[in-house]
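# Chain and residue survey
Residue-level listing of the chains:
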Amino acid sequence: MPTTPTPAPTPTPDPIVEQIRHEIATRGRFLITSHLKPDGDSIGSQMALAYALRDLGKQVRVVNRDAPPPSLLMFPGVPDIQVGETAEGPIDAVVVMECGDLARTGLRDLERHFIINIDHHPGNSHFGAINWFDAGAAACGEMIFELVRRLGVPLSREIATHVYLAILTDTGSFHYSSISPRTFDICRDALEAGVDPVMVARNVFDSNNLGRLKLFGAVLNSIELDPTGRLAVIYLNREMARQAGGTYDDTEGLINLPLTVREIQAVVFFKEAAEGEYRVSMRSKDAIDVGAVAKGLGGGGHKNASGCTVHGPYRDVRDRLVGLITRAIDATGA
Ligand code: 5GP
Ligand code: MN
């Protein structure tokens, strides 16, 4: 006897998303922001929501403390993102994405407003009037996709492009363990809505200049390995950048390259910010939790991608991080 396939269960609507939908419906003027030095997920998530809210007839401004990376200026609406230090003008709600706390925005005076906090980083401090936190999302863009659906806004090519940009970049081009079937469901929908994945990848990954390439060369030339060969340490200061003809802004993506070596399980990248002050970025494979390492040092991030700022003589901070990350590698038996 032929059987009727059981339909997939309809997911129960998340009450927090429903609450956000309600607050958006009853408000008219929105400010959207994200963290300092915005990346693909922060830009993509902000712009996807901005387009969706505008489609609903809302007034929307996107304001960031730092300018978008040059490689993202080709994407729709990105050149119109305002760079500022404060939340000015009439605002009915501020949507903050990708920030563990309000200070990560770098904007002043946000706390005076009704704040909708949307994030997927472990350790979010729930600073908003509404806090939507989903550590299972591979990118904040996945959450925004769900919100756009809930708002009933059709998936325009602009919205879909920004959601796809967010996912492509925040999964490290589909390398990180945060990827789920939902990630690909969303990408499929994005492509059906007209996203050109080749164009997105070319703009994100193939917009180098020669200074950037030489800078990569200089940094990779000075790579150090721990005695077991599982941890790579890379380093950059302003003089190295100047000699290569690049800047600190040109280092996006550089940290991922040592992980292309089979034996290397984790990378730590030190950028000298000032005398005795270093910006630290970490990346790891599989179960190795560099997010916990960063958090223990006052920073944050995810299991496979994290960062913090440390102080002290370079040898001391390097040895400290090498010790902590080696322990994190050992804990997984890698
Ligand atoms: P990146 O190495 O690309 O700067 O950062 C990797 C991840 O760690 C990102 O998700 C970023 O948001 C997070 N992250 C980097 N630096 C910090 C920091 O100083 N504080 C916090 N809370 N998160 C950070
Ligand atoms: Mn993200």
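The structure under discussion appears in the preceding block.
Everything numeric in this text was worked out from a predicted model, so none of it was measured.

Here six strands make up an open sheet; going across it, the order is β7-β8-β9-β10-β12-β11 and the pairing mixed. Two strands lie at the open edges of the sheet, namely β7 (224–225) and β11 (300–301), each paired on one side alone. Inspection of the sheet shows β7 paired to strand β8 (residues 231–236) by two bridges, in the antiparallel sense. When the sheet's bridge partners are listed, L225 is paired in β8 with A232.

Counted according to the given criterion, the structure contains five aromatic pairs. Between the aromatic rings of F174 and F184, the centroid separation amounts to 5.5 Å while the plane-to-plane angle is 25°, which identifies the pairing as stacked. On the criterion of sequence distance, the pair formed by F174 in the loop between α4 (157–170) and α5 (181–192) and F184 in helix α5 is long-range, its members being 10 residues apart. Given a relative accessible area of 28%, F174 falls into the partly exposed group. Given the relative accessible area of 46%, F184 is considered partly exposed. Where Y235 meets Y314, the ring centres are 4.6 Å apart and the plane angle is 55°; that geometry is what we call tilted. Within this pair, whereas Y235 is found in strand β8, its partner Y314 is found in helix α10 (residues 314–332), the two being separated by 79 residues in sequence. Here a set of aromatic residues connected by ring pairs shows up, and it is made of Y235, F270, Y278 and Y314. The ring of F114 carries the charged tip of R27 above its face, separated from the ring centre by 3.7 Å. Cation over ring: R238 sits above Y248, and NZ or CZ is 4.1 Å from the ring centre.

A few words on helix α3 (residues 140–151). Over its 12 residues, α3 runs 16 Å from end to end, which matches the ideal 16 Å to within 8%, given 1.5 Å per residue. Extensive coverage of α3 is indicated by the burial of nine of its 12 residues. Inspection of α3 places C140, G141, E142, M143, I144, F145, L147, V148 and L151 among the buried residues, and these make up the whole buried set. Count one or two residues on from α3 and you reach G152, which has phi positive near 80°.

On to α10. In this model α10 runs 27 Å from its N-terminal to its C-terminal C-alpha over 19 residues, within 8% of the 27 Å that 1.5 Å per residue would give. Taken together, the buried positions of α10 are occupied by Y314, V317, R318, L321, V322, I325, T326, A328 and I329. Relative to the axis of α10, the buried residues are bounded by an arc of 160° and lie together on one face. Pointing more than 90 degrees away from the buried face of α10 are the exposed residues R320, R327 and A331. Elements that come into contact with the buried residues of α10 comprise β7, β8, β9 (266–274), β10 (277–284), α9 (290–296) and β12 (305–311). Of the residues one or two after α10, G333 is the one with positive phi, at around 75°.

This brings us to the coordination of the manganese ion (ligand 2). Surrounding the manganese ion (ligand 2) are the protein donor atoms D41 (OD), E98 (OE), E98 (OE), H120 (NE2) and D170 (OD), which sit 2.1 to 2.7 Å from the metal. All donor residues of the manganese ion (ligand 2) come from one chain, and their arrangement in sequence is D-x56-E-x21-H-x49-D. You can see H120 sitting in the loop between β5 (115–119) and β6 (130–133) and its partner D170 sitting in helix α4, a full 50 residues away along the chain. Pair check on accessibility: H120 and D170 agree, each one buried.

Turning our eyes to something else, we now look at the site of ligand 1. Taken together, 13 residues are adjacent to ligand 1, and R104, H121, R279, S281 and R283 come closest. With respect to ligand 1, the side chain of R104 contributes an N or O atom lying 3.1 Å from an oxygen atom. Taking H121, its side chain carries an N or O atom lying 3.1 Å from an oxygen atom of ligand 1. Elements with a contribution of two residues or more to the shell around ligand 1: β10, β11 and β12.

Read from one edge of the open sheet, six strands run β3-β2-β1-β4-β5-β6, paired in parallel fashion. The open sheet terminates on both sides in strands that have one partner only, identified here as β3 (82–83) and β6. Examined bridge by bridge, strand β2 (residues 59–64) and β3 share two bridges and lie parallel to one another. Considered in β3, the bridge of N64 is made with V83. Seen against the sheet, helix α1 (residues 15–25) touches β1 (29–33), β5 and β6 and runs at an angle of roughly 135° to β6. Set on the sheet, helix α2 (residues 40–55) makes contact with β1, β2 and β4 (93–97); between it and β2 the angle comes to about 165°.

It is worth spelling out the environment of L297 at this point. Along the chain, L297 turns up in the loop between α9 and β11. Considered as a pair, L297 and V310 are 13 residues apart in the sequence and their alpha carbons are 7.5 Å apart. Residues within four places of L297 in sequence aside, it is in contact with C308, T309, V310, R320, L321 and L324.

The subject of this paragraph is the pairing of β9. Pairing of β8 with β9 involves six bridges; the strand directions are parallel. Counterpart to L231 in the pairing with β9 is A266. Bridge count for β9 against β10 is eight bridges, and the pairing is antiparallel. In the sheet register, A266 faces β10, and the bridge partner there is S284. Connecting the antiparallel pair β9 and β10 is a turn made up of two residues, with G276 showing a positive phi of about 75°.

What counts and how
Residues numbered from 1 in each chain as written. Chains lettered and ligands numbered in written order. Predicted model: local features only at pLDDT ≥ 70, side-chain atom pairs only at ≥ 80, totals over all residues. Heavy atoms only, no water. Pairing = 2+ DSSP bridges. Helix = DSSP H or I, 4+ residues; strand = E, 2+ residues; numbered from the N terminus. Phe/Tyr/Trp six-rings, centres within 6.5 Å; stacked < 30°, edge-to-face > 60°. Buried < 20%, exposed > 50% of the residue type's maximum accessible area, 1.4 Å probe, protein only. Lys NZ or Arg CZ within 6 Å of the ring centre and 35° of its normal. Expected span 1.5 Å × (residues − 1). Arc of directions from axis to C-beta. Contact = heavy atoms within 4.5 Å. Donors = N, O, S within 2.8 Å, 3.2 Å for Na, K, Ca; no water. Near = heavy atom within 4 Å. Polar contact = N/O pair within 3.5 Å; in protein donor to acceptor, adjacent residues only side chain to side chain. Axes fitted to C-alpha atoms, helices over the stretch in contact; angles between N-to-C directions.

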